[in-house]
Amino acid sequence: MIFVGEGALLWRAVQHTLDSGLPVDLVCGPPPAANATRPDVPFRAAADVNSVAAELVTASTDGVVWSLNNRMIFRTPVLSSGLRVLNVHHGPLPTYRGLPEVALVYAMLRGEREFAATLHQVDEGIDTGPILAADPYPIGPDEPFHMVLRRGLQICHRLFERCLPLVAADPAWNGEPARRSGAGAIGYFGRRELARLPDHRDHPEFGRATSLGFLADYLPELAAVLG
């Protein structure tokens with residue numbers, strides 16, 4: 001298996017895979033190369049995962065690529081290579097596509113009482129591929145953003161743990177029979193929506209929905225917009 005992404009969510013998944021006795025063929029993430037967590041695992045630094053598509057194909061032993069906490073967009077060089085890319089997305093699809101932290105702010109401003117982690121197969125769009133599995137979780141009416149986001153990341157990891165053995169047993173696994181997804185209209189929350197967040201300062205839930213707390217240093221773009 002190959003892993004693409006960065007941060008704690010990625011490396012927890014790598015560690016869990018190894019602990020499960022499964023192979024990790026390669027980890028690919030943005031430069032600079034930083035692999036202090038598991039220096040024994042091959043690491044390829046890349047600003048664009050598509051630029052190293054041939055290396056991913058060569059390294060892969062099962063044709064599976066996991067994408068976790070990954071902001072690089074897979075394009076034709078990878079998607080036409082025969083590799084199957086599976087992305088763990090923090091958000092119910094297709095309602096909350098795009099940047100997870102931005103989508104979560106808008107979900108809280110909309111009064112959502114549930115969010116989700118979703119596993120989907122990556123296609124040429126952004127968070128538009130077939131949904132394989134989803135785990136919803138509650139948003140408490142008084143909970144600040146940082147508490148909800150932390151819970152969501154835990155749910156993302158649990159979803160990965162739950163689906164990993166299914167994919168390991170069958171790399172072509174087609175997902176669970178009951179696949180939950182967002183019930184609302186299809187929505188995309190990217191940098192344009194990020195830039196518009198200050199327009200909602202008068203919303204009664206704005207303070208709660210943008211309370212970054214200890215996560216401010218980990219979400220610099222969001223913190224900068226919120227000022």
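Predicted model only: the values in this text are computed from it and were never measured.

Colleague: Run through the layout of surface pockets, naming residues and quoting values.
Modeller: The gaps of empty space that remain are located by a probe, the size of a water molecule, rolled over the atoms. A volume near 1,200 Å³ is recorded for the largest pocket. Along the walls of the largest pocket sit 40 residues, with Asn69, Asn70, Arg71, Pro100 and Glu101 positioned nearest its centre. The element that contributes the greatest number of residues to the lining of the largest pocket is helix H5 (residues 145–169), accounting for 5 residues. For the lining of the largest pocket, the class distribution of residues is 20 nonpolar, 12 polar and 8 charged.

Colleague: Could you give an account of helix H4 (residues 100–109), naming the residues involved and the relevant values?
Modeller: By the criterion of burial, H4 is predominantly enclosed, with 9 of the 10 residues buried. Taken together, the buried positions of H4 are Glu101, Val102, Ala103, Leu104, Val105, Tyr106, Ala107, Met108 and Leu109. Once H4 finishes, Gly111 follows within two positions and takes phi at roughly 80 degrees, a positive value.

Colleague: Account for the nonpolar core, with residues named and values stated.
Modeller: Membership of the largest hydrophobic core comes to 53 residues, with the highest contact counts inside it found for Phe3, Trp66, Leu68, Leu119, Phe145 and Leu222. At 10 residues, H5 tops the list of elements feeding residues into this core. Apart from residues no more than four positions distant in its own chain, Trp66 is found in contact with Met1, Ile2, Phe3, Val4, Leu86, Val88, Leu119, Phe160, Cys163, Leu164 and Val167. Among the nonpolar cores identified, the runner-up in size contains 16 residues, and Val4, Val49, Val52 and Val85 belong to it.

Colleague: So, the packing of aromatic side chains: which residues are in play, and what are the values?
Modeller: The full count for this structure, using the stated rule, is 7 aromatic pairs. Relative to Phe160, the ring of Trp66 has its centre 4.8 Å away and its plane inclined at 80 degrees; by these criteria the two rings are edge-to-face. Taken together, the residues span a long stretch of sequence, with Trp66 in strand S4 (residues 64–68) and Phe160 in helix H5 at a distance of 94 residues. Considered together, Trp66 and Phe160 belong to a single accessibility category, that of buried residues. Taking the centre distance of 5.5 Å and the plane angle of 55 degrees together, the rings of Tyr96 and Phe115 count as tilted. Residue Tyr96 is found in the loop between strand S5 (84–90) and strand S6 (97–98), and its partner Phe115 is found in strand S7 (residues 114–121); the two are separated by 19 residues along the sequence. Overall, Tyr96 belongs to the buried group, its relative accessible area being 1%. Aromatic ring contacts, followed pair by pair, group Tyr96, Tyr106, Phe115, Tyr137 and Phe189 into a single cluster.

Colleague: Go over the side chain of Glu143, please, and point to the residues and values.
Modeller: Relative to the helices and strands, Glu143 is located in the loop between strand S8 (131–138) and H5. In this structure Glu143 comes out as buried when scored by relative accessible area, which is 16%. At a separation of 2.6 Å, a polar atom in the side chain of Glu143 contacts the side chain of Arg151. If we skip the residues at most four places from it in the chain, Glu143 touches Met108, Pro138, Val148, Arg151 and Arg208.

Colleague: Explain the packing of helix H1 (residues 7–19) against H5 residue by residue, including any values.
Modeller: Relative orientation of the contacting elements H1 and H5 amounts to 30 degrees, with a least axis distance of 10 Å. One way to sum up the angle between H1 and H5 is to call them roughly parallel. For the pair H1 and H5, the crossing hand works out as right-handed. Here H1 contributes Leu9, Arg12, Ala13, His16 and Thr17 to the contact with H5, which in turn contributes Leu153, Cys156, His157, Phe160, Glu161 and Leu164. Taken together, the residues of the contact of H1 with H5 sort by class into 6 nonpolar, 3 polar and 2 charged.

Cut-off values and rules
- Residues numbered from 1 in each chain as written.
- Predicted model: local features only at pLDDT ≥ 70, side-chain atom pairs only at ≥ 80, totals over all residues.
- Heavy atoms only, no water.
- 1 Å grid on protein atoms, 1.4 Å probe; cavity = no way out; pocket = protein on both sides within 12 Å on 5 of 7 lines; lining within 4 Å.
- Points joined across faces, edges and corners; volume = space filled by probe spheres on them.
- Helix = DSSP H or I, 4+ residues; strand = E, 2+ residues; numbered from the N terminus.
- Nonpolar A, V, L, I, M, F, W, Y, C, P; charged D, E, K, R; others polar.
- Buried < 20%, exposed > 50% of the residue type's maximum accessible area, 1.4 Å probe, protein only.
- Core = buried A, V, L, I, M, F, W, Y, C linked by side-chain atoms within 4.5 Å.
- Contact = heavy atoms within 4.5 Å.
- Phe/Tyr/Trp six-rings, centres within 6.5 Å; stacked < 30°, edge-to-face > 60°.
- Polar contact = N/O pair within 3.5 Å; in protein donor to acceptor, adjacent residues only side chain to side chain.
- Axes fitted to C-alpha atoms, helices over the stretch in contact; angles between N-to-C directions.
- Parallel < 35°, antiparallel > 145°, perpendicular 65-115°, else oblique.
- Left-handed = near helix turned anticlockwise from the far one by under 90°.

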